[in-house]
2 protein chains.
Amino acid sequence: MPSRSDRMELHGLRLPELKEGDDLPRAILSTVESTGIGIRDGDVLVVASKVISKVKGYLARISEVEPSLRSKILAKVAGRPAWLVELIRRVGRIVLILPFSEASRGTGFPEEFSRDPNLARAMVEEEGGTILADVGGVVITDAGIDWSNCPEGVVALPPPDPDAEAREIADRIRELTGARVGVVISDTDFAPFRMGSVDWAIGVSGIDPVRRSFGDLDLYGKPKFGGVDLVADELAAAAALLMGQSSEGIPVVLVRGAPVTLRDDARYSMVTAPVSNMGRAFFKGLLKTALAKILRLG
Amino acid sequence: MPSRSDRMELHGLRLPELKEGDDLPRAILSTVESTGIGIRDGDVLVVASKVISKVKGYLARISEVEPSLRSKILAKVAGRPAWLVELIRRVGRIVLILPFSEASRGTGFPEEFSRDPNLARAMVEEEGGTILADVGGVVITDAGIDWSNCPEGVVALPPPDPDAEAREIADRIRELTGARVGVVISDTDFAPFRMGSVDWAIGVSGIDPVRRSFGDLDLYGKPKFGGVDLVADELAAAAALLMGQSSEGIPVVLVRGAPVTLRDDARYSMVTAPVSNMGRAFFKGLLKTALAKILRLG
C-alpha cells in the first residue's frame, strides 16, 4: 500500500450561510463533526477569502462610496466605475491597468464559457477593464474587491491582513480541539496566458507556503534548478475544484495528507515577489524582446 | 455524509524508473493494481510531461545541438547558452525574454529556498535569464526544455503535441480496462508575482479543461462575472503536491472524485489565450498605467 505521503484527501465543507459576527471556526468544526471527518494534526483548511469578508464585515455599500476627483479621472482612463476605482485605491496600490474587454474580443472568452454568450459578452463590455493592485504585497485583480454572491449594491473587500485571519482560525481550532492545523486563505484570480482563473493563496498560517528545495540533488545527483513549489497556492488550486461546485455553498475545504511543513511563523509574504524589482526586470525584458524581434531572431 | 462531489482523493503513483520505449499506460495500471486503488470511470490521471518525454524519447543531447548564427546572437541578448536558445527556437516561438538573475537579486529568491544559499545564487547567476516561448499555443518558460532528472548532457524536450499524448494514454487505458478516464499532461512553470512555481496543464484528454459557468446566477440571483475555472490546471496544481515529494519518483497522480465534465473532443487549446491579442492589450495597459502614474492617480 502507498505510504501516507502518497495519498491526499480533500473534503468540501458545506457550511450554513454565514453572516457578520458568526463564529467561522465553530461552524467549520460543527460540519467536520457532523460529517464524521473530524479534524487532526497536520490537516489543512483552505478558506475562501469571501467567507472571511462576510463574517468579519469587510463589506462596502456602493451607494456610500464617495469617489475623489483622482478616482474619477482614473476611472475614465481605466474604463471602470468610479466607486470601484475609489475602493481599489483605498485598499491597494495600482500595478497595471488592463483593457480587458478589448483584449478578449474575438478570443472566445467569455462567450464559449457561458450558457448565454450574448449576456456574457455584454457583461465583459460593461466591465471594460481590470486593474491589478498590490494589496499588502500580494498582486490581485481589482484589489480583491468582488460582488459575486453579495446582496445587490454590496461588495466584499479583501481581508486587510489575510495572514492574521488564517492565524486566528488556526489558533481558535487549536483552542477548541487541540489539533494543530494549517490554514490557507484563498482567492480566485487570473492565470497567465490562459482564458480563465484558478484559486491562489493570499494568507497562510501554520504551514510553510513553499517547498524549499532549490538546488537539492535530482535523480542523477545534479543540483536541481527549481524545486520551489508554491505549496499554499497548490492547496488553494486543489480546493477550488470542490469550492467551485456550488455558489459559495462550499467556502472551506479540509485537506488531509498534504505534504506540508508545519511552521509557526508562516506568512504568505514569504513567497510574494517585490513588485518594483519585478517591474524593472520586466521592462528590460520587453526591450530585449523588442530588440530580438527587430533583429528577426525570435 | 457529504455527497460524492464533496470529496476528492489523490493517489501518487510510484512508478519504476522508465526509459525510452516503455509502455507507460501499462506501468500505470500495474501500479494502480498492486496498490489496490484500481481504476474507474471518471478518474483523472495527471501525468508529468517529463515522463512522457522519457518514454517517447523526446530528448536532445547538448553536444549534438549545432546553434545557428541567429541563435548565437539571441543567446548573447538573452544571456542564455546558445544550445538552449537553438532548441527553444526549434520547438517554440519567443514571447518574452526575462533577465531573471538580475530580477531576483536581493529578493531572497533562491537563497531562502535552498539548503545551500551560495550554490543556489551561483546557479541563478549562471542561468542568467529565462525565455517565455509559445509552444503550440501554450506559453511556457524555456519552451518546456528541462534538464533536471536527466542524465548529464541530456535535456528533455516538451512533447510536440501534449493533447495527443493525453489521448493516447486515455485510449490505451480504455482498451486495457474499459475505464473511461481523463488525462492531464502537466508541467512546472512560474506563477505570476510570486517567487516559486506551480504545475500547469499543457495537454488534456477526455475532460473539459474548463468549467463553463460565466454568467450563471450567484446566491442572490445575479449573473456571475467569472466562474471560468481552469479545471485541468487546478488538477495539475493539486497533483504537484504529491509529485514534488520525491525526485520524479511520482510522475503520475490518480485523482478520484474530481468534479470534471467528460468530453470526447477536449483539447487544452480550448483555454489558451491568443498571444498576439493579449500582447496588444498588454501594451495599451502599460500606456494607461504610465499615464495614471504620471498624473499621480495610482
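Reading guide: rules and limits
Residues numbered from 1 in each chain as written. Chains lettered and ligands numbered in written order. Predicted model: local features only at pLDDT ≥ 70, side-chain atom pairs only at ≥ 80, totals over all residues. Heavy atoms only, no water. Domains from an automatic or database assignment. Contact = heavy atoms within 4.5 Å. Buried area = accessible area lost by both parts, 1.4 Å probe. Helix = DSSP H or I, 4+ residues; strand = E, 2+ residues; numbered from the N terminus. Salt bridge = Lys/Arg side-chain N within 4 Å of Asp/Glu carboxyl O. Polar contact = N/O pair within 3.5 Å; in protein donor to acceptor, adjacent residues only side chain to side chain. Buried < 20%, exposed > 50% of the residue type's maximum accessible area, 1.4 Å probe, protein only. Axes fitted to C-alpha atoms, helices over the stretch in contact; angles between N-to-C directions. Left-handed = near helix turned anticlockwise from the far one by under 90°. Nonpolar A, V, L, I, M, F, W, Y, C, P; charged D, E, K, R; others polar. Least-squares fit on C-alpha atoms with pLDDT ≥ 70 in both. Phe/Tyr/Trp six-rings, centres within 6.5 Å; stacked < 30°, edge-to-face > 60°. Pairing = 2+ DSSP bridges.

## Considering the domain arrangement of chain A
All names here are of chain A. As far as domains go, chain A holds domain 1 (1-57 + 180-298) and domain 2 (59-158). On a C-alpha basis, the centroid separation for the pair domain 1 and domain 2 is 23 Å. Counting from both sides, the interface comprises 15 residues of domain 1 and, opposite them, 20 residues of domain 2. Summed over both sides, the interface of domain 1 with domain 2 buries roughly 1400 Å², with 61% coming from carbon and sulfur. The three residues of domain 1 that bury the most area against domain 2 are Lys50, Met195 and Val275, which together make up 37% of that side's buried surface.

## Remarks on the environment of phenylalanine 214 of chain A
In this structure, phenylalanine 214 of chain A sits in the loop between β9 (197-205) and α8 (231-243). Spatially, the C-alpha atoms of phenylalanine 214 of chain A and alanine 238 of chain A are 23 Å apart, while their sequence positions differ by 24 residues.

## Details of the interface of chain B and chain A
Contacts between chain B and chain A engage 119 residues on the former and 119 residues on the latter. Between chain B and chain A, roughly 11000 Å² of surface is buried when both sides are summed, and carbon and sulfur atoms account for 62% of that area. Between glutamate 9 of chain B and arginine 7 of chain A there is a salt bridge; the shortest N-O distance is 3.5 Å. For the pair chain B and chain A, the interface holds 44 residue pairs in polar contact (both at pLDDT 80 or more).

## A few points about helix α1 (residues 24-34) of chain A
Residue and element names in this part refer to chain A. The set of residues buried in α1 consists of Leu24, Pro25, Ala27, Ile28, Leu29, Thr31 and Val32. Those residues of α1 hidden inside the fold are in contact with β1 (7-13), β2 (44-48), α2 (49-56), α7 (162-177) and β10 (252-256). You can read the cap of α1 off the contacts: a side-chain oxygen lies 3.2 Å from the backbone nitrogen of arginine 26, and it is on aspartate 23. Backbone geometry just downstream of α1 places glycine 36 in the positive-phi region, at approximately 80°.

## Quick notes on the packing of helix α3 (residues 69-78) of chain A against helix α4 (residues 82-91) of chain A
Residues and elements named next belong to chain A. Contact geometry of α3 with α4 gives a least axis separation of 8 Å together with a crossing angle of 115°. Here α3 runs over α4; the crossing is right-handed. Counted together, Arg70, Ser71, Lys72, Leu74 and Ala75 of α3 and Ala82, Val85, Glu86 and Arg89 of α4 form the full contact between these two elements. Looking at the contact of α3 with α4 residue by residue, the class counts come to four nonpolar, one polar and four charged.

## Looking at the relation of the copies chain B and chain A
Under the fitted operation, chain B is carried onto chain A by 0.0 Å of movement along the axis and a turn of 180°, and the coordinates agree to an RMSD of 0.0 Å. The transformation just described matches what one would write down for a two-fold rotation axis. Taken together, the interface assignments show that 100% of the residues at the interface of chain B recur at the interface of chain A, consistent with an identical surface on both copies.

## A closer look at the side chain of arginine 80 of chain B
Residue and element names in this part refer to chain B. With respect to the helices, strands and loops of the structure, arginine 80 is situated in the loop between α3 (69-78) and α4 (82-91). There is a polar contact of 2.3 Å between the side chain of arginine 80 and the side chain of glutamate 127. In this structure the side chain of arginine 80 is engaged in a polar contact, spanning 2.7 Å, whose partner is the backbone oxygen of glycine 129. Beyond its immediate stretch of four places on either side in the chain, arginine 80 contacts Ala75, Val85, Glu127, Gly129, Thr130, Ile131, Asp142 and Trp147.

## Brief notes about the packing of aromatic side chains
For the structure shown, the criterion picks out twelve aromatic pairs over all chains. Each ring, one from phenylalanine 100 of chain A and one from phenylalanine 109 of chain A, has its centre 5.8 Å from the other, and the planes form 75°; the classification is edge-to-face. Judged by its relative accessible area of 26%, phenylalanine 100 of chain A falls in the partly exposed class. Ring geometry for phenylalanine 282 of chain A versus phenylalanine 282 of chain B: centroids 5.5 Å apart, planes at 70°, classification edge-to-face. Here phenylalanine 282 of chain A is found in helix α9 (residues 275-294), whereas its partner phenylalanine 282 of chain B is found in helix α9 (residues 275-294) on a different chain. Overall, the relative accessible area of 22% leaves phenylalanine 282 of chain A in the partly exposed class. Three or more aromatic residues joined by ring pairs form one cluster here, namely Phe100, Phe109 and Phe113 of chain A together with Phe214 and Phe225 of chain B.

## Some remarks on the sheet that holds β10 of chain A
Taken in spatial order, the ten strands of this open sheet run β9(A)-β8(A)-β2(A)-β10(A)-β1(A)-β1(B)-β10(B)-β2(B)-β8(B)-β9(B), and their pairing is mixed. In the strand order of this sheet, the two ends are held by β9 of chain A together with β9 (197-205) of chain B, each with one partner. Between one strand axis and the next, the sheet turns through 25° on average, direction left out of account. Bridge count for β2 of chain A against strand β8 (residues 182-190) of chain A is five bridges, and the pairing is parallel. From the neighbouring strand, alanine 48 of chain A faces β8 of chain A, where its bridge partner is serine 186 of chain A. The strands touched by α2 of chain A are β2, β8 and β9 of chain A; relative to β2 of chain A, the strand with the most contacts, the crossing angle is about 70°. Those strands touched by helix α1 (residues 24-34) of chain B are β1 (7-13), β2 (44-48) and β10 (252-256) of chain B, and its axis lies near 115° from that of β1 of chain B.

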